[in-house]
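Understanding the architecture of this molecule
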Amino acid sequence: MNKITDILSNKKILIWGYGREGKSTENFIKNHCDVLKADIFEGSESEVKAGDYDIIIKSPGIKVEKYIEKYTSQTELFLSQFARQTIGITGTKGKSTTSSLTAEVLSKCSGKKVLLVGNIGLPCLDYYDEIDEDTVIVFEMSCHQLSHIHYSPHIAVFLNLFQDHLDYYGTVEKYFEAKQNIASHQSENDICYIGDQVPFFEKRSKEIKVFYDEPMNFNMLLKGKHNQYNAAFVYKIATEQFGCDPEKVIKVIDNFHGLSHRLEYVGKKCGVEYYNDSISTIPEATIQAAMSIPNVKTIIIGGMDRGIDYGKLVKFVKEHPDYNFVFSYESGKRIYKEVSGLDYCRYCADLDESVKTAKIITPKGFAVLFSPAAASYGYFKNFEERGEYFKKLVLNS
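Overview of the structure. (Residues numbered from 1 in each chain as written. Predicted model: local features only at pLDDT ≥ 70, side-chain atom pairs only at ≥ 80, totals over all residues. Heavy atoms only, no water.)

1. What to know about the packing of helix α10 (residues 283-292) against helix α11 (residues 311-318)
How we decide: Orientation is described by axes fitted as lines to C-alpha atoms, over the contacting stretch for helices, and by angles from 0 to 180 degrees between their N-to-C directions. Helix and strand labels come from DSSP, where a helix needs a run of H or I of at least four residues and a strand needs a run of E of at least two; each type is numbered from the N terminus. Roughly parallel means an angle under 35 degrees; roughly antiparallel means over 145; roughly perpendicular covers 65 to 115; every other angle is labelled oblique. It is the rotation of the near helix from the far one that decides the hand of a crossing: anticlockwise by less than a right angle makes it left-handed, clockwise makes it right-handed. Contact between two residues is taken to exist if any of their heavy atoms lie within 4.5 Å; hydrogens are not considered. Any residue outside Ala, Val, Leu, Ile, Met, Phe, Trp, Tyr, Cys, Pro, Asp, Glu, Lys and Arg is labelled polar, Gly included; the first ten of those are nonpolar and the last four are charged.
Contact geometry for α10 and α11: axes closest at 8 Å, N-to-C directions at 30°. Judged on the interaxial angle alone, α11 and α10 are roughly parallel. In terms of crossing hand, the pair formed by α10 and α11 is left-handed. Contacts from P283, E284, T286, I287, A290 and M291 of α10 reach α11 at K312, L313 and F316. By residue class, the composition of the contact of α10 with α11 is 6 nonpolar, 1 polar and 2 charged.

Structure, rendered in structure tokens:
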């Protein structure tokens with residue numbers, strides 16, 4: 001085990017990127033490390049003066065053409081000390097719900113102190129002082145956080161893999177390569193829970209497969225088969241790795257309310273129900289969402305066009321004339337070109353117009369689902385802002 005404070009102390013540090021994680025790293029260094037210097041940098045790769053520093057702590061999402069030995073990240077530093085007590089959770093979809101549910105179940109059923117950190121909006125180094133040797137850490141891990149790391153958590157969870165972030169990685173293969181680090185550095189003493197929608201890759205740890213189509217009968221508040229699948233991972237980890245009572249685990253799973261912007265029930269207006277699924281950034285997520293709402297009639301789709309394959313979604317639209325589809329923004333425009341001849345498909349300029357249209361065309365007793373199948377960037381700061389804006393349009397009209 002390498003103590004983070006020992007790694008950073010008496011070093012010249014560059015913090016590259018000053019968002020939430022960069023600020024967290026700066027605060028950690030100020031409070032825990034005696035460094036020679038700690039500078040903040042927000043420029044491009046070509047402007048990095050690597051020779052002036054011993055360690056460069058790069059924020060997730062900063063793309064580099066040539067990764068050098070001096071680069072590290074908050075995630076890598078954290079795992080260098082706490083990997084043995086960390087449950088790392090990744091996947092194209094479902095990782096926030098699964099991470100939150102895992103933390104909830106273990107907090108209530110394992111008798112241990114549990115911390116939830118990571119990509120869910122909780123920088124891991126912010127919780128450094130709360131960790132003792134018996135603390136269980138549930139760490140939601142994005143592809144960007146996993147890129148180039150040299151440590152893997154003791155328990156790795158890899159839910160699924162679909163096309164995403166192609167604007168950053170270029171190919172699915174490179175995206176998958178980043179995701180693989182969740183387990184690539186595990187030993188024979190570690191465990192990897194992996195979904196059957198993840199391609200095979202080499203690992204030394206014990207692999208436990210979870211199948212999407214295996215029977216799962218949780219009586220959950222959360223809608224959708226995909227949430228039954230997410231819960232199956234949680235149930236297996238809690239009962240198999242922590243010896244939790246199965247009945248208690250099931251009770252916590254069934255009563256879990258879920259997170260905002262993930263098939264979130266917004267309310268009923270003029271006899272029509274509205275659901276906010278702004279977290280949806282890929283076709284598979286939108287298809288799952290549509291199949292999860294029994295009375296859905298209108299689906300609002302569209303956002304940033306990152307060049308992903310929309311073939312599955314186009315096929316779904318063509319096979320479901322019982323739905324109304326409202327497309328918007330650049331990705332919506334691309335999909336609409338494939339289905340514009342269908343009278344149940346419409347194109348609107350933006351979310352404002354889409355919601356207005358949905359209110360007109362959706363009969364009472366049915367539901368409107370906002371599930372964009374695209375990223376929010378270029379139109380909104382993030383999926384949370386997009387979801388909040390949708391809710392505002394629904395509730396304030």
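2. Re the packing of aromatic side chains
Put simply, the test is: Between 30 and 60 degrees the pair is tilted, below 30 it is stacked and above 60 it is edge-to-face, where a pair is any two Phe, Tyr or Trp rings, Trp via its six-membered ring, whose centres lie within 6.5 Å. Only protein chains enter the area calculation, which uses a 1.4 Å probe; residues under 20% of their type maximum are buried, those over 50% are exposed, and those in between are partly exposed. The rule is short: NZ of Lys or CZ of Arg within 6 Å of the ring centre and within 35 degrees of the ring normal puts a charge over the ring.
For the coordinates displayed, the defined rule picks out 25 aromatic pairs. Residues Y67 and Y71 carry aromatic rings whose centres are separated by 5.2 Å and whose planes lie at 85° to one another, so their mutual orientation is edge-to-face. Look at Y67 and you get partly exposed, because its relative accessible area is 24%. Note on Y71: relative accessible area 6%, which makes it buried. Considering the side-chain rings of F327 and Y336, the 6.2 Å spacing of their centres and the 45° angle between planes classify their relative orientation as tilted. You can call F327 buried: its relative accessible area is 0%. Since its relative accessible area comes to 22%, Y336 is described here as partly exposed. Members of the aromatic cluster, connected to one another through ring pairs, are F316, Y323, F325, F327, Y336, Y344 and Y347. Note that K203 overlies the ring of F201, its terminal NZ or CZ placed 4.2 Å from the centroid. In this arrangement the basic side chain of K297 is found over the ring face of F366, its NZ or CZ atom lying 5.9 Å from the centre.

3. Structural notes on the state of the cysteines
Should the sulfur atoms of two cysteines be covalently bonded, the bond is a disulfide. Note the cut-off: Any two cysteine sulfur atoms lying within 2.5 Å of each other are counted as a disulfide.
Applying the stated criterion to the full structure yields 0 disulfides. This cysteine, C244, is not joined by any disulfide, and C109 carries the nearest cysteine sulfur, 5.4 Å off. Its sulfur unpaired, C348 is 12 Å from the next cysteine sulfur, which belongs to C345. Judged by its relative accessible area of 3%, C348 falls in the buried class.

4. Details of the layout of surface pockets
So the rule is basically this: Detection works on a 1 Å grid of protein atoms alone, calling trapped sets that fit a 1.4 Å probe cavities and calling open sets with protein on both sides within 12 Å along at least five of seven lines pockets, with lining residues defined by an atom within 4 Å of a point. Grid points are joined across faces, edges and corners, and a volume is the space filled by probe spheres set on the points.
Taken as a whole, the second largest pocket spans an internal volume of roughly 450 Å³. Residue lining of the second largest pocket: 19 residues in total, with V64, S147, H148, Y168 and Y169 positioned closest to the centre. Of all the elements in the fold, those that place two or more residues in the lining of the second largest pocket are α6 (166-169) and α7 (172-184). No other element matches the 4 residues that α7 contributes to the lining of the second largest pocket. Here the lining of the second largest pocket is composed, by residue class, of 7 nonpolar, 6 polar and 6 charged.

5. Focus: the environment of K223
The residue K223 is located in the loop between β10 (206-210) and α8 (225-241) in this model. By relative accessible area, K223 is classed as partly exposed at 33%. Discounting residues that sit within four places of it in the chain, K223 has contacts with L263, Y275, S292 and I293.

6. A word on the nonpolar core
Definition in use: By nonpolar core is meant a set of buried Ala, Val, Leu, Ile, Met, Phe, Trp, Tyr and Cys residues that side-chain atoms within 4.5 Å join together.
One finds I4, L8, I13, F28, I29, F78 and F158 to be the most contacted residues of the largest nonpolar core, which totals 41 residues. If sequence neighbours within four positions are ignored, L8 has contacts with I13, F28, I29, C33, V35, I55, I57 and L77. Judged by nonpolar contacts, the second largest core, of 34 residues, contains V105, V114, V138 and Y193.

7. Quick look at unusual backbone geometry
At H261, a position not held by glycine, the phi torsion is positive, near 70°. The phi dihedral of L263 is positive, around 50°, even though this residue is not glycine. Within the secondary structure layout, L263 lies in the loop between α9 (246-254) and β11 (264-269).

8. Some details on the sheet that holds strand β9 (residues 191-195)
Put simply, the test is: Any two strands are treated as partners once DSSP identifies two or more bridges connecting them.
The 6 strands are arranged β6-β7-β5-β8-β9-β10 in an open sheet whose pairing can be described as parallel. Two strands bound the open sheet, and with one partner strand each, they are β6 (114-118) and β10. Neighbour-to-neighbour, the strand axes of the sheet open up by a mean angle of 15°, direction not taken into account. By the bridge criterion, 4 bridges tie strand β8 (residues 155-158) to β9 in an arrangement that is parallel. Looking at the pairing, V157 lines up with Y193 of β9.

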